Amino acid sequence: MHPRPSPIAASLYTLRDLNADVIIMHGPHGCCFRTGRLLESDGVRVVTTAMAENDFILGAAEKLEETLKEAYDTFNPKLIGIVGTCASMIIGEDLKEPIENLALDAVVLPVESHGGFGEGDNTEGAIAVLNAAVEYGVISQEEADRQNEMLRLATQVEKTRGMAQGKYIKPNFGDSKEKVAKIIINAIKEAKKVVFVLNAKKETSYLFADILNCDFSKLFNDSNSSSNSNIKSNKDIENLHFIANLDENIGLPRIRQHAANINKELNEMGIDIESITGGLDEYPITPRKAEAYLKEINPDLVIVAGVPHALYVEELDCETIAVTDGPRLVEPLRELGYTHVIAELDAHSKTLGVDTIVDSDFGMMIRSAIEWEIG
């Protein structure tokens, strides 16, 4: 009953993950314009055929062919995506004909997506891109099958535990970041067993990894305390643990690089990831490994950042904190059983075009609270 991400937008993001140089949207110039503009920050050139009223009646095959030729001449791309929209798909535009007519020296993927594709789930648009990528030899059938299964499971998570449950969910901006940051700091100082779980989705991991990227060793830098003199970094804090879905060997090339970048930066910060639960596109299933690890070490406090509703928090017997990028996910997360919920805003826009961890509001609050604590 409330707006959700579009299959068209998912098609655009998936073409980005395939390292497409140019994406042509075959539809009105206003269709999915915000996503198109944001992807320019990620190095993808997004253009449109700018279909108008006459085109809805007479068709716009010539416009598409002209736009494809101009985009090729302008950008000299190796991989081009053509994404259908509601307008072009309803009138039955043939996206393949212009590709065959021009026979360009580039791979051109026609993606027949629209806003109501399948059941209207955004993941349908991503699946359409993957299937086209197999047909044109960009990825293997095996990789497409794995990706499609992850997307199916992601949809299931959203429909059963997230914001796609069918009812209206009022936006909510969560608990006080300062209050929750102090809960984490006090737990670490009191030698409680604290576990950070990164279960993030693709490039948004650059934002959610920032919540792990804090120097908690500063809390023990008391020159008068001989008992803590050996604590020089996070690795020296015995009851502090980190779990993350940062497998560098799983996913499309761009996604694997995100994981490598974040692992390197966290390691430099003295953060030792004790359990790698999977890749950044496996967030629907990586919580299963995280849950097994959590039950093994029996924590007092667990912080889950990224896609926290994929983790079965109801099976944990401890205090829990969820960090999400969706104001409409705050109430579902509370209903699942999270003790505290933090909402980060604009995760996608803040992480497009970056290759290093970016400041999150909650991460900055934790670091500020550490400084307040040590005076």
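Residues numbered from 1 in each chain as written. Predicted model: local features only at pLDDT ≥ 70, side-chain atom pairs only at ≥ 80, totals over all residues. Heavy atoms only, no water.

Engineer: So what's going on with the sheet that holds strand β9 (residues 319-324)? Residues and values would help.
Structural biologist: Pairing in this open sheet of 6 strands is parallel, and the strands run β7-β6-β5-β8-β9-β10 from one edge to the other. Of all the strands in the sheet, the pair left with one neighbour each is β7 (275-276) and β10 (340-343). Judged from the 4 bridges that link them, β9 and β10 form a sheet pairing that is parallel. Note on β10: the bridge partner recorded for Ile-321 is His-340. Along the sheet, helix α9 (residues 177-189) makes contact with β5 (194-199), β6 (240-244), β8 (301-306), β9 and β10, crossing β10 at roughly 125 degrees. (Pairing = 2+ DSSP bridges. Helix = DSSP H or I, 4+ residues; strand = E, 2+ residues; numbered from the N terminus. Contact = heavy atoms within 4.5 Å. Axes fitted to C-alpha atoms, helices over the stretch in contact; angles between N-to-C directions.)

Engineer: How would you sum up the pattern of salt bridges? Please name residues and give values.
Structural biologist: Overall, the coordinates contain 26 salt bridges when judged by the stated rule. For the salt bridge of Glu-315 with Lys-295, the shortest nitrogen-to-oxygen distance reads 3.0 Å. With Glu-315 in the loop between β8 and β9 and Lys-295 in helix α12 (residues 286-297), this residue pair connects regions lying 20 residues apart in the sequence. Within this structure, Arg-16, Asp-17, Asp-42, Lys-202, Glu-203 and Arg-254 form a network of salt bridges that share partners. (Salt bridge = Lys/Arg side-chain N within 4 Å of Asp/Glu carboxyl O.)

Engineer: Run through a negative patch on the surface, naming residues and quoting values.
Structural biologist: On the surface, a cluster of negative charge is contributed by Asp-94, Glu-97, Glu-100 and Glu-112. Relative to the elements of secondary structure, Glu-112 occurs in the loop between β4 (107-111) and α7 (123-135). (Patch = residues over 30% accessible without salt bridge, like charges linked within 9 Å, V, L, I, M, F, W, Y side chains within 5 Å. Areas by Shrake-Rupley, 256 points an atom, 1.4 Å probe, with all protein chains shown as cover. Lys, Arg positive; Asp, Glu negative; His and termini not counted. Charge placed at Lys NZ, Arg CZ, Asp CG, Glu CD.)

Engineer: Hey, could you go over the pairing of β10 for me, with residue numbers and the actual values?
Structural biologist: Burial along β10 is two-sided: the face carrying His-340 and Ile-342 and the face carrying Val-341 and Ala-343 are both buried. Between the parallel pair β9 and β10, the chain is carried across by helix α13 (residues 330-336), and the sense of this crossover is right-handed. (Buried < 20%, exposed > 50% of the residue type's maximum accessible area, 1.4 Å probe, protein only. Right-handed = clockwise from strand over helix to strand, strands pointing away.)

Engineer: An account of α12 is requested, with residue identities and associated values reported.
Structural biologist: The end-to-end C-alpha separation of α12 is 17 Å, in line with the 16 Å expected for 12 residues at 1.5 Å each. Three or more residues of α12 are buried, namely Thr-286, Pro-287, Ala-290, Glu-291, Tyr-293, Leu-294 and Ile-297. Taken around the axis of α12, the buried residues stretch over an arc of 165 degrees, which confines them to a single face. Summarising the contacts, the buried residues of α12 are in contact with β5, β6, β7 and β8. Once α12 ends, the next one or two residues include Asn-298, with phi positive near 55 degrees. (Expected span 1.5 Å × (residues − 1). Arc of directions from axis to C-beta.)

Engineer: Can you lay out the packing of aromatic side chains for me, pointing to particular residues and giving the numbers?
Structural biologist: Summed over the entire model, instances satisfying the criterion amount to 2 aromatic pairs. When the ring of Phe-196 is compared with that of Phe-216, the centres are 5.6 Å apart and the planes differ by 35 degrees; the resulting orientation is tilted. With Phe-196 in strand β5 and Phe-216 in the loop between α10 (205-208) and β6, the pair connects residues that are 20 residues apart, well separated along the chain. Taking the relative accessible area as the measure of exposure, Phe-196 reaches 1% and is therefore buried. Feature note: the residues Phe-196, Phe-216 and Phe-242 constitute an aromatic cluster, connected by ring pairs. The cationic tip of Arg-288 hangs over the ring face of Tyr-312; the distance from NZ or CZ to the ring centre is 3.8 Å. (Phe/Tyr/Trp six-rings, centres within 6.5 Å; stacked < 30°, edge-to-face > 60°. Lys NZ or Arg CZ within 6 Å of the ring centre and 35° of its normal.)

Engineer: So what about the packing of α7 against helix α8 (residues 141-161)? Which residues, and what values?
Structural biologist: Where α7 meets α8, the closest approach of the two axes is 10 Å, and the angle between their N-to-C directions is 175 degrees. In this view, α7 runs roughly antiparallel relative to α8, as classed from their interaxial angle. Taken together, the residues of α8 that come into contact with α7 (itself represented by Thr-123, Ala-126, Ile-127, Leu-130, Asn-131 and Val-134) are Gln-141, Ala-144, Gln-147, Asn-148, Leu-151 and Thr-155. A breakdown of the residues in the contact of α7 with α8 according to their chemical character gives 6 nonpolar, 6 polar and no charged. (Parallel < 35°, antiparallel > 145°, perpendicular 65-115°, else oblique. Nonpolar A, V, L, I, M, F, W, Y, C, P; charged D, E, K, R; others polar.)

Engineer: An account of the pairing of β6 is requested, with residue identities and associated values reported.
Structural biologist: With 5 of its 5 residues buried, β6 lies for the most part within the structure. Here β6 shows a buried face lined by Leu-240, Phe-242 and Ala-244 and a second buried face lined by His-241 and Ile-243. Inspection of the sheet shows β5 paired to β6 by 5 bridges, in the parallel sense. Note that in β6 the partner of Val-197 across the bridge is Ile-243. Sheet topology note: the β6/β7 ladder contains 2 bridges and is parallel. Its bridge partner lying in β7, Ala-244 is registered against Ile-276. Between the parallel pair β6 and β7, the chain is carried across by helix α11 (residues 253-268), and the sense of this crossover is right-handed.

Engineer: Lay out the packing of helix α1 (residues 7-17) against α7 with the relevant residues and their values.
Structural biologist: Between α1 and α7, the shortest axis-to-axis distance is 6 Å and the interhelical angle comes to 40 degrees. The pairing of α1 with α7 is recorded here as oblique in orientation. In this structure, the crossing between α1 and α7 has a hand that is right-handed. Along the contact surface, α1 presents Pro-7, Ala-10, Ser-11, Thr-14 and Leu-15, while α7 presents Gly-125, Ala-126, Val-129 and Leu-130. (Left-handed = near helix turned anticlockwise from the far one by under 90°.)

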